[in-house]
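As a plain string of letters, each chain reads:
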Amino acid sequence: MEVAELLERARPVALAGQRALPVIPALTSILPGGLCRGGTLAVGSGPGATSLLLALLAGASAEGSWAALVGMPEVGPEAAASMGVDLGRLALVPDPGEQWPAVVSALLDGIDLVAVRLGGRLRLRPAEARRLAARARHQSSVLMVTGAPWPEGCDLSLDVVAGGWEGLGNGYGSLARRRVEVAVSGRRAASRRRQATLWLPDDSGRPEPIDDTLVALHP
Amino acid sequence: MVWYPDWPVVASGVVGPVAVIQANQVVVASAEARSEGVRVGQRRRQAEAVCPGLAIVGRDEDRDARAFEPLVAAVARFCPTVEVMRPGLCAFSARGPARYFGGEESLARQVAEAVDAATAVVSGTMGEGCRVGVADGPFAGTLAARRGRIVPPGATAEFLAPLSVRELGRPEFADLLGRLGVRTLGQLAALPAPQVLSRFGWEGAAVHRLARGLDERPLDARRPPEDLSVEAELDPPVDRVDTAAFVAKALADRLYAGLVKGGWRCTLVRIEAESEHGESLCRTWRHDGTFSAATLAERVRWQLDGWLTGPSRPTAGLTKLRLVPEEMVADHGTQLGFWGGMAEADRQAARVLARVQSMIGPDGVVTAVLDGGRSPTERATLIPWGDQRAPRRRPELPWPGRIPPPAPALTSAPAGSVALEDSGGRPVVVNGRAEPSGAPARFRPDRGPELTVSGWSAPWPCQERWWDPDGHRRRAWMQVAVEDGRAFLLAAEGSRWSVEAIYD
């Protein structure tokens, strides 16, 4: 094993007092401070949402954080790995059952990033939503929801606003890369809407930034 | 010392040649299986090859511990202070009972008969394998029990002298001693103690004491300064094993935290329980080394399991549980690994995931490992959390015909047939050479609106396992992009199209 690799592994996961989880370089333009610990985050449910969710997990996962996907039986582990998620630190709870709020609450105790797909059997009352958000805040974990809107409104919400695959013709070629536009809006410091264009994924399967021009749209 | 050979085999209750398997390797084999050539450490396939009638059972320490409880109860009729070392091995002080039951030989015979009778009830087989040995100290006692010997007091060093250093149960250390020409315990005991300590450190000093027929550690005359026992009132009373296990874990953690605070480690713990009807149960467990929080919790769970499911179960639920550390040694500390190892975050995540497993079942929490295969669902295998993360097929092989990267983000999409039509509304089919009958223009999933195709790849054929009549599959794959920005992976089998994955 290379010394550099050992050094990488021996480095502390988070320094004392560090309140944010890192994100991959492609997302730093829209999330400059990383993912704020203790917050809630919504990922839209349109095309590209799953890839965006995995890309959000990748930065922290590569730095040693644990992540859990709840109620997402169909997410492809191979795609998660190519996005940069460490599969050794990714727990999947495909079917959390009727008592799923208790399961999510338990996961928030020791896992930094917990992503839940709402909808179907996973419905939520506002009181439970408040309790889960408070749990995430107390345990300094990040709660991510997708599939349906969070009843209470989230600290941050990310969405894929436009996207298209490249590399596929009519009867030739194969899917190679996808250019997407991701928009983020939220409360407090993040109330200004930001937008970025990135490859999700690029030719090598990883999410990469396309350019660094940050487009700030004024409402 | 009472020893039951191959206890996991007996506890499984299977007769004939049996092998107990863990992680595809034989860990224990019955005498019949050994005579056929089955060896510990063999792979399952090798074992089955040398002994075709071999019955395979999985390793289950809970089962072993549960089945052992009636035997301990049988021994406890001779002497109430029985110390369980592990399922299959327990010890008691012979000095008092030997006098009462007419000498050590007589005591050993009576204990063996009682244990064999209890085994016959437990496993339904003829119990005749129990061996009892008497010697000074638990280490020599175990060796004496293996040989069914009764060593007179003070003669333990002579008994140990001709035995091999491999009997110490420390293979690496025994290997080193062997290379230095020290092959028997007698030769090791003859070395001067200070030199052994300076050459081999604390481990060598402990082993040297064992070889001389003494206890591993010198007697620690200091008494623990405080009462470190922990206790839990159970309200409502507990009569189910899973609930009891939860309490056991919490209580063991508390005891361990108390020990750590005082700088102690525990080698012998007494587990006491009281039932609603006032019955009191008590059992002592000894550890070869020192208990960690996890091993402590495990022993408590085994014991509760044994009590609550055994033949002499209490008539009502348990109301009180108490753990008393009986024998403690000073904690000299452990040096944690400098590079890597398990970080605190990993330990915390492991605890949380185990807790979620206790809520929704062990298969409810899985981790994924990349695997070999062609279709997107084959490219990863889901493994229950806690099991060994090993791929089933060989991921490093090229797997010709597999789906080209990038990997689709949604794999096991809801299976269902889809309609694929060309611009004239005719269904698109592929022929035997994977050529489409027309250019796909519209795409209608099982549910949802019709989508307009914006791009499609040439279908490529994939024939899998042509030699296998059951596993044989012949498919044509095609990637289709639609106007809203999504892309699908479709497979044609026969004349039906289905969505295999979504590039979400």
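Residues numbered from 1 in each chain as written. Chains lettered and ligands numbered in written order. Predicted model: local features only at pLDDT ≥ 70, side-chain atom pairs only at ≥ 80, totals over all residues.

### Quick word on the overall build of chain A
Part 1 of the reasoning: Of regular secondary structure, chain A possesses 5 helices and 12 strands.
Part 2 of the reasoning: Buried positions account for 48% of the 219 residues belonging to chain A.
Part 3 of the reasoning: Of the contacts formed within chain A by residues at least 6 apart in sequence, a portion of 63% connects residues at least 24 apart. (Helix = DSSP H or I, 4+ residues; strand = E, 2+ residues; numbered from the N terminus. Buried ≥ 20, exposed ≤ 12 C-beta atoms within 10 Å, placed from the backbone. Contact = placed C-beta atoms within 7 Å.)

### Focus: the overall build of chain B
Part 1 of the reasoning: A count of helical and extended segments in chain B gives 14 helices and 20 strands.
Part 2 of the reasoning: Counting the 504 residues in chain B, one finds 36% classified as buried.
Part 3 of the reasoning: Across chain B, contacts joining residues at least 24 apart in sequence account for 53% of those joining residues at least 6 apart.

### A look at the confidence of the model for chain A
Part 1 of the reasoning: Per-residue confidence for chain A gives a mean pLDDT of 84, with 89% of residues at or over 70.
Part 2 of the reasoning: This model gives residues 214-219 of chain A a pLDDT under 50, and the stretch forms 9 contacts once residues within four places in sequence are excluded. (pLDDT = per-residue confidence, 0-100.)

### Re the sheet that holds strand β4 (residues 55-58) of chain B
Residues and elements named next belong to chain B.
Part 1 of the reasoning: Reading across from one edge, β3-β2-β4 is the order of the 3 strands in this open sheet, with mixed pairing throughout. Taken across any chain shown, the strands that pair with only one partner, and hence form the sheet edges, are β3 (25-29) and β4. This sheet shows a mean twist of 40° between the axes of neighbouring strands, independent of strand direction.
Part 2 of the reasoning: Pairing geometry for strand β2 (residues 18-22) and β4, over 4 bridges, is parallel. Of the residues in β4, the one forming a bridge with Val18 is Ala55. (Pairing = 2+ DSSP bridges. Axes fitted to C-alpha atoms, helices over the stretch in contact; angles between N-to-C directions.)

### With respect to the interface of chain B and chain A
Part 1 of the reasoning: Between chain B and chain A, the contact holds 49 residues from the first and 51 residues from the second.
Part 2 of the reasoning: Of all the elements in the fold, those that place two or more residues in the side of chain B that touches chain A are α14 (344-360), β12 (366-370), β13 (380-384), β16 (451-456), β18 (473-482) and β20 (496-503) of chain B.
Part 3 of the reasoning: Ranked by the residues each element gives to the side of chain B that touches chain A, the list is headed by α14 of chain B, at 10 residues.
Part 4 of the reasoning: Of the residues in the side of chain B that touches chain A, the class split is 33 nonpolar, 10 polar and 6 charged. (Nonpolar A, V, L, I, M, F, W, Y, C, P; charged D, E, K, R; others polar.)

### What about the nonpolar core?
In a soluble, globular protein the nonpolar side chains are often hidden away together inside.
Part 1 of the reasoning: Core analysis: the biggest nonpolar cluster contains 107 residues, and Val70, Leu107, Ile111, Val114 and Met144 of chain A have the highest contact counts within it.
Part 2 of the reasoning: Tallying contributions element by element places helix α2 (residues 49-62) of chain A first for this core, with 9 residues.
Part 3 of the reasoning: Dropping the residues within four chain positions of it, Val70 of chain A is found in contact with Val93, Pro96, Trp100, Val103, Val104, Leu107, Val114, Ala115 and Val116 of chain A.
Part 4 of the reasoning: By size, the runner-up hydrophobic cluster in this structure holds 87 residues, among which are Val38, Ala65, Val151 and Ala248 of chain B. (Core = buried A, V, L, I, M, F, W, Y, C linked by C-beta atoms within 7 Å.)

### Examining the environment of Gly186 of chain B
Residue and element names in this part refer to chain B.
Part 1 of the reasoning: If you trace the backbone, Gly186 turns up in helix α10 (residues 185-190).
Part 2 of the reasoning: On the neighbour-count criterion, Gly186 (17 C-beta atoms within 10 Å) is partly exposed.
Part 3 of the reasoning: Considered as a pair, Gly186 and Arg212 are 26 residues apart in the sequence and their alpha carbons are 7.7 Å apart.
Part 4 of the reasoning: When neighbours within four sequence positions are excluded, Gly186 is seen to be in contact with Ala161 and Pro162.

### Re the packing of helix α12 (residues 241-261) of chain B against helix α13 (residues 293-309) of chain B
Residue and element names in this part refer to chain B.
Part 1 of the reasoning: Orientation of α12 relative to α13, taken along the N-to-C sense of each, is 145°, at an axis distance of 8 Å. With respect to the hand of their crossing, α12 and α13 are arranged in right-handed fashion. Contact with α12, carried on its side by Val241, Ala244, Ala245, Ala248, Lys249, Leu251, Ala252, Asp253, Leu255 and Tyr256, involves Ala293, Leu296, Ala297, Val300, Arg301, Leu304, Asp305, Leu308 and Thr309 of α13 and no other residues of that element.
Part 2 of the reasoning: Per-class residue counts for the contact of α12 with α13 are 14 nonpolar, 1 polar and 4 charged. (Left-handed = near helix turned anticlockwise from the far one by under 90°.)

### Overview of the packing of helix α4 (residues 100-108) of chain A against helix α5 (residues 126-139) of chain A
All names here are of chain A.
Part 1 of the reasoning: Between α4 and α5, the shortest axis-to-axis distance is 9 Å and the interhelical angle comes to 10°. Classified by the angle their axes make, α4 and α5 are roughly parallel. Contact with α4, carried on its side by Pro101, Val104, Ser105 and Leu108, involves Glu128, Leu132, Arg135, Ala136 and Gln139 of α5 and no other residues of that element. (Parallel < 35°, antiparallel > 145°, perpendicular 65-115°, else oblique.)

### Brief notes about the confidence of the model for chain B
All names here are of chain B.
Part 1 of the reasoning: Scored by pLDDT, chain B comes out at a mean of 81, with 92% of its residues at no less than 70.
Part 2 of the reasoning: The secondary-structure element of chain B with the lowest mean pLDDT is helix α1 (residues 7-12), recorded at 79, while β12 shows the highest, at 91.
Part 3 of the reasoning: What the predictor reports for the complex is a pTM of 0.58 with an ipTM of 0.86.

### Here we look at the sheet that holds strand β6 (residues 89-91) of chain B
Residues and elements named next belong to chain B.
Part 1 of the reasoning: With mixed pairing, 8 strands are arranged side by side in an open sheet as β7-β1-β6-β5-β10-β9-β11-β8. Two strands close off the open sheet at either side, each with one partner strand: β7 (131-132) and β8 (230-238).
Part 2 of the reasoning: For strand β9 (residues 264-275) and strand β10 (residues 280-286), the ladder comprises 7 bridges, and the chain directions are antiparallel. Bridge pairing links Arg270 to Thr284 in β10.

### Some words on the environment of Gly59 of chain A
Residue and element names in this part refer to chain A.
Part 1 of the reasoning: Within the element layout of this structure, Gly59 appears in helix α2.
Part 2 of the reasoning: Between the C-alpha atom of Gly59 and that of Ile24, which follows or precedes it by 35 residues, the distance is 4.5 Å.
Part 3 of the reasoning: Ignoring any residue separated from it by four or fewer positions in sequence, one finds Gly59 in contact with Pro22, Val23 and Ile24.

### Examining the pairing of strand β5 (residues 83-86) of chain B
Residue and element names in this part refer to chain B.
Part 1 of the reasoning: Pairing analysis gives 3 bridges linking β5 to β6, with the strands arranged antiparallel. Across the sheet, the residue bridging to Arg86 is Leu89, located in β6.
Part 2 of the reasoning: Here β5 folds back onto β6, and the loop between the two strands holds 2 residues, one of which, Gly88, carries a positive phi near 105°.
Part 3 of the reasoning: With 2 bridges connecting them, β5 and β10 associate as parallel partners. When the bridges of β10 are listed, Val84 appears paired with Trp285.

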